[in-house]
Amino acid sequence: MSVVQKNTSETTKWFLPGILVGLGITFKHLAKNLLNQKKMMTLNYPEQKYEYSPRFKGNHILTVKKDGSLRCTACMLCATNCPAECITIVASEHEDPSVEKYPIKYEIDMLRCVFCGFCEEACPVDAVRMGPEWQTPGVNGANFNYGIEQLAYRPQLKGGMMSLVDDEERHKYGI
Amino acid sequence: MPKCTINGKEVVVKDGATIIEAMHGGGAYETSDEPQKPGEKKQWAEGKVAHYCWHPGLSVAGVCRLCFVEIEGNPRLQIACNTVVTEGMKINNTSQKVKDSAKWGLDFHLINHPLDCPICDQAGECGLQEQYMEFGKYNPEMAEKKVKKHKVVDLGPTVVLDSERCILCSRCVRFTEEVSKTNELGIFNRGDRSEIGTFDDKKLDNKYSLNTVDICPVGALTSKDFRFRQRVWYLKDAETVCNGCSAGCNVRAYFNKEGFFRVKPVYNEEVNGYWMCDEGRDLYKFVNRENRYLKARRRISGGAWDEMLPGAGAKDAAGVLKSSGDAVALVLTGQYTVEEYESIVGNFVNEFKSKKIYHWNNNPKTENDFDGLLIRGDKNPNTKGLFKVLEKHGVKTSWSELEAGLGNGSIKSVVVAGPENLQFFPDMADKVKTLSKAQNVIWLQSPRFAGLDELKNNVWIIPMKSYVEKDGTFINHAGLEQKFKRVTTVVSEALTLTEAGDLLAGHHLLIKPALNTLVEAERPEDRVMLENRKKNEFVFRRGEL
């Protein structure tokens, strides 16, 4: 058990001047903000939103190829590199002979994710990126295990974000 | 026996041994003139040689040109795999010249090798990756386009070929030529258009085909069964003995928390050499949790099934055995370890005073078959061990005696140590039918079998541990005793035959849950345990303000 001793020293009797100084600062800011509302430091959050730089590491995006299918090759390097172990991938064989391996399940547990960006760094084909979205609201019991549908084709992405790495172009260069 | 110097160390080598054999321990002795005793740890010259095409179990091809070593007095480098050691030879494989040759040899191998590592199953255990990290690390100087070849070629029921990844080491071709002697594979075309393939779309279909996947140093040949299921760096491995047949091949099982994924052979000169059969590689499947009994089940005279913990189930069944007097029989399959047989047979002979112990022979017709390489007709790992234990306890019985006993009612209760790998027990349903004539059936079984659910008499089904979950000994067809250790635990509450036997005999038994905790003896020396850790110097005290 911790015992908190009451501070009975002489200096504690001179609290009133300290309070008045503090209140002075508060009223100064109040007056400033009322007179010049544009320079106010705070935001009215749900109505007003702060815009971060486009390089902000927010919610993940799975990129797509030109035909709209997933770019991910299920190499599991992101899952291996993930320090929070929040990525689950199940790989499978593709019917299309030009695509060998693809994920039939790609899940990110958003509540475990620490948004470090290591997945993005590990990805050899630019398939997973950290997007600019930073709000992940959900009511009690919401599903924060985002699957392929949510990561690649959520409405904000308007049909999917195109990957920078294209197999056909790489083959043209003889890679 | 010639004496030579490898990297400044004098080594005595077997007659006719090549340099690479001497360096990898296949033919080298210590500096003393005496040959090594069997079982002694071999010490060979330090520093291994980079190689792809050489495999100790196959003939020498000398095509990869990676194993160059420097020999004193010889102006040019020589390949270690095809140069026989001579008296007084001075060999060096640590010089800059040797490293450079490996580096540029590797550059040639990688000219047409695709950038498939992310989707290649071999990544993580790939020869090219390993040697590149060791010797390569260059910027490629090849400006030409890569030659495109066939990808995802279906070679047969077990193997997929990607000929772009192939470095044409010809190990698989030599394997089908020399070991399996089926000659399916060959190298077609010339120059950089050379490809591995089968003639006229013939299938690579033999009982040892998956060995080609093991010996492939790159990801050109991949196993259909393992393909894309796990990345290899997620797997742990441990050595054990295959329980597929009486050959008793030494194998390494690969697993992680999701279950078992594959089995590969481990070199043992006396048993299996470098190889194992395809059948044996399927045997990890029945071990996985989804195929196993997890709870003991009881059904009294055709009523509803009760579920209970395995230990409780065995204790429950012990009561019935006690009341049956000497009308108790034990049926054993050749699937358990010698230690377990010893314990349960001892319990039966001493506690129940019963010698009604019967051997369930699942393959009486093919028992002595042998295919000339590894596969034996006796599909039990430990039939020899079982006979040895039965002989020791003076048990001499035959199956017809059991059938007669069941018919005339002199056997009321039967304890059955059921099979583990049901695929080798085609007579399972028949035997269940025969044994169900007894009043009480206590079935000790590890994988699920639907036929057991249909039994209408008093039945106890008690889950058993499989061969990867226990320590023990198997005695193979040649009488060789092989001890093996537990790999991991899949169903921790399941019993071993020893535990089940003790419980059925009415002994009290403290079953410790087998956890995958660090065993003190296996603890690495540099590991700091919690109690020895340096205490935190900063201590936060809440009371101080």
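Nothing here was measured: the structure is a model prediction, and the numbers come from that model.

Definitions and cut-offs
Residues numbered from 1 in each chain as written. Chains lettered and ligands numbered in written order. Predicted model: local features only at pLDDT ≥ 70, side-chain atom pairs only at ≥ 80, totals over all residues. Core = buried A, V, L, I, M, F, W, Y, C linked by C-beta atoms within 7 Å. Buried ≥ 20, exposed ≤ 12 C-beta atoms within 10 Å, placed from the backbone. Contact = placed C-beta atoms within 7 Å. Nonpolar A, V, L, I, M, F, W, Y, C, P; charged D, E, K, R; others polar. Domains from an automatic or database assignment. Pairing = 2+ DSSP bridges. Helix = DSSP H or I, 4+ residues; strand = E, 2+ residues; numbered from the N terminus. pLDDT = per-residue confidence, 0-100. Right-handed = clockwise from strand over helix to strand, strands pointing away.

**Q** Residues and numbers for the nonpolar core, please.
**A** Counting 130 residues, the largest nonpolar core has C67(B), V331(B), V416(B), I442(B), L444(B) and I462(B) as its most contacted members. The residues contacting I442(B), other than those within four sequence positions of it, are A317(B), S413(B), V415(B), V416(B), W460(B), I462(B) and L504(B).

**Q** Got a sec to walk through the interface of chain B and chain A? Specific residues and values, please.
**A** Tallying the contact residues gives twelve residues for chain B and 17 residues for chain A. A class-by-class count of the residues in the side of chain B that touches chain A yields seven nonpolar, one polar and four charged.

**Q** So what about the domain arrangement of chain B? Which residues, and what values?
**A** Residue and element names in this part refer to chain B. Per the domain assignment, the segments of chain B are domain 1 (3-109), domain 2 (133-287) and domain 3 (294-515). When each unit is reduced to the centre of its C-alpha atoms, the spacing between domain 1 and domain 2 is 25 Å. On the domain 2 side, the residues contacting the 17 residues of domain 1 number 18 residues. The residue inventory of the side of domain 1 that touches domain 2, partitioned by class, reads ten nonpolar, four polar and three charged.

**Q** I'd like a rundown of the sheet that holds strand 3 (residues 101-109) of chain A, residues and numbers included.
**A** All names here are of chain A. Reading across the sheet, the three strands line up as 2-3-5 and stay open at both edges, with antiparallel pairing between neighbours. Looking at strand neighbours, the two that pair on one side only are strand 2 (87-93) and strand 5 (145-146), the edges of this open sheet. In this sheet, strand 5 lies alongside strand 3 in antiparallel orientation, the contact comprising two bridges. Along strand 5, the bridge assignment pairs D109 with N145.

**Q** Could you give me a rundown of the confidence of the model for chain B, with the residues and numbers involved?
**A** Per-chain confidence: chain B averages 86 in pLDDT, with 89% of residues scoring 70 or above. Scored below 50 in pLDDT, residues 30-36 of chain B makes nine contacts in the model with residues more than four places away or belonging to other chains.

**Q** Hey, could you go over the environment of E403(B) for me, with residue numbers and the actual values?
**A** For E403(B), the location among the structural elements is in helix 10 (residues 399-408). E403(B) sits in the partly exposed class, given 15 other C-beta atoms within 10 Å.

**Q** Go over unusual backbone geometry, please, and point to the residues and values.
**A** Residues and elements named next belong to chain B. Residues other than glycine seldom take positive phi values, yet D200 does so here, at roughly 55 degrees. Look at D200 and you get exposed, because 5 C-beta atoms sit within 10 Å. You will see that F228, though not glycine, has its phi angle at about 65 degrees, which is positive. Along the chain, F228 turns up in the loop between strand 11 (221-223) and strand 12 (236-241). Given 21 C-beta atoms within a 10 Å radius, F228 is considered buried.

**Q** Let's hear about the sheet that holds strand 11 of chain B: which residues, and what values?
**A** Sheet strands line up and pair through hydrogen bonds in the backbone, either parallel or antiparallel. Residues and elements named next belong to chain B. Read from one edge to the other, the open sheet built from three strands follows the order 7-8-11, with strand pairing classed as antiparallel. If you trace the sheet from one side to the other, it starts and ends with strand 7 (153-154) and strand 11, each paired once. The pairing of strand 8 (residues 159-161) with strand 11 spans three bridges and is classified as antiparallel. Note that in strand 11 the partner of L161 across the bridge is L221.

**Q** An account of the pairing of strand 19 (residues 413-417) of chain B is requested, with residue identities and associated values reported.
**A** Residues and elements named next belong to chain B. Counted residue by residue, strand 19 has five buried out of five residues, so it is predominantly covered. Both strand 17 (residues 328-332) and strand 19 contribute to a ladder of five bridges, which runs parallel. Along strand 19, the bridge assignment pairs V331 with V416. Bridging between strand 19 and strand 20 (residues 440-445) involves five bridges; their strand directions are parallel. Along strand 20, the bridge assignment pairs V416 with W443. At this point the chain moves from strand 19, through helix 11 (residues 428-435), to the parallel strand 20, and the crossover so formed is right-handed.

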